[in-house]
Structures are given as C-alpha cells and as structure tokens.
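Geometric and topological summary
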Amino acid sequence: MQGLTPVMTLSLLVQNTSSQDFTIRSLGGTLSANGYVIGKLSSFQTVQIRGNSEGLIIVEVNLFLLGIVNDIIQIFATGNTTQEIQLRAYANVDNYQIPVNMKFIIGQKKANAV
C-alpha cells in the first residue's frame, strides 16, 4: 500500500526471438476488469533484453478501489463471475512507443437458462 492506495506488483516475461538486442526504458498503461478500469500500471526500470533470450519486467499496479467496487457490483447484478482482465499500455522500446495489449479470462460464463 502507498498511503491509502493498494499496490500490486507483477512480473512480465518478455521474450526476444530475434538476434538483435533491445532496451525497454519504460512501460505505462491501465488494467481493466470487465470494462472497469481497476488500476494504472508503470515500470520505469531500464531492462535490456539480449537477442534470442528473455527477461522480466517488474510492473507496479496502483489499484483504483472504485473500479474494483463497480466490478464487484456488476458480478452481483449479473451473476457472471467471469473476469476479463485487460492490460493496455505503451512500452518505450529503444525510444519507440510500442503498444502492449494483453487479455486474460478467469472463470467461465454462466450459461443462460432456457
């Protein structure tokens, strides 16, 4: 926690399948659950990824309690416990802004009653 803001730390595995080294200078964006923004994420550590290798980027997520509460209310209102988590960010890679988009599905959607 930073003050009253809950903080979560994630490790993202970056794979470089080319023979060219690259440097990730920063990463920043948002984390959403079922359409509600639940946090902002950032990493300002410089990480060099050698050619044909992989490395970890440590990302800090500052959680937005209101977004989390809205997501929980939606679960009770719809009965759908499936969480669609989306990470949308930009990475500064060798001074180019590269979009980073990831989607994770947790749980299964409830079948509609006939």
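Reading guide: rules and limits
- Residues numbered from 1 in each chain as written.
- Predicted model: local features only at pLDDT ≥ 70, side-chain atom pairs only at ≥ 80, totals over all residues.
- Heavy atoms only, no water.
- Buried < 20%, exposed > 50% of the residue type's maximum accessible area, 1.4 Å probe, protein only.
- Helix = DSSP H or I, 4+ residues; strand = E, 2+ residues; numbered from the N terminus.
- Pairing = 2+ DSSP bridges.
- Patch = residues over 30% accessible without salt bridge, like charges linked within 9 Å, V, L, I, M, F, W, Y side chains within 5 Å.
- Areas by Shrake-Rupley, 256 points an atom, 1.4 Å probe, with all protein chains shown as cover.
- Salt bridge = Lys/Arg side-chain N within 4 Å of Asp/Glu carboxyl O.
- Contact = heavy atoms within 4.5 Å.
- 1 Å grid on protein atoms, 1.4 Å probe; cavity = no way out; pocket = protein on both sides within 12 Å on 5 of 7 lines; lining within 4 Å.
- Points joined across faces, edges and corners; volume = space filled by probe spheres on them.
- Nonpolar A, V, L, I, M, F, W, Y, C, P; charged D, E, K, R; others polar.

The subject of this paragraph is the pairing of strand β6 (residues 83-93). When you tally the buried positions in β6, you get eight out of eleven residues, the bulk of the element. Examined bridge by bridge, strand β2 (residues 22-33) and β6 share nine bridges and lie antiparallel to one another. Across the sheet, the residue bridging to Gly28 is Tyr90, located in β6. As paired strands, β6 and strand β7 (residues 96-106) are joined by eleven bridges and run antiparallel to one another.

Glancing now at a nonpolar patch on the surface. Together, Leu13, Leu56 and Ile58 make up a nonpolar patch on the protein surface, roughly 270 Å² of accessible area in all. For Leu13, the position within the fold is in strand β1 (residues 7-16).

We now examine the environment of Val14. Along the polypeptide, Val14 turns up in strand β1. Residue Val14 is classed as buried on the basis of its relative accessible area of 17%. Each C-alpha atom of the pair Val14 and Val47 lies 9.9 Å from the other, and the pair is 33 residues apart in sequence. Excluding its chain neighbours within four sequence positions, the residues that come into contact with Val14 are Phe22, Ile24, Ile49, Ser53, Glu54, Gly55 and Ile57.

The phi torsion at Asn34 lies on the positive side, around 50°, for a residue other than glycine. Secondary-structure assignment places Asn34 in the loop between β2 and β3 (36-43). Asn34 sits in the partly exposed class, given a relative accessible area of 30%. One non-glycine residue, Asn95, lies in the positive phi region at around 70°. Within the secondary structure, Asn95 sits in the loop between β6 and β7. On the basis of relative accessible area, Asn95 is assigned to the exposed category, the value being 57%.

Moving on to the layout of surface pockets. Counted as a void, the largest pocket has a volume near 290 Å³. Lining of the largest pocket is provided by 13 residues; of these, Val14, Ile24, Ala91, Val93 and Val100 occupy positions nearest its centre. If you list the elements that add at least two residues to the lining of the largest pocket, you get β1, β2, β6 and β7. The greatest single-element share of the lining of the largest pocket, amounting to four residues, is contributed by β1. Grouping the constituent residues of the lining of the largest pocket by class yields twelve nonpolar, one polar and no charged.

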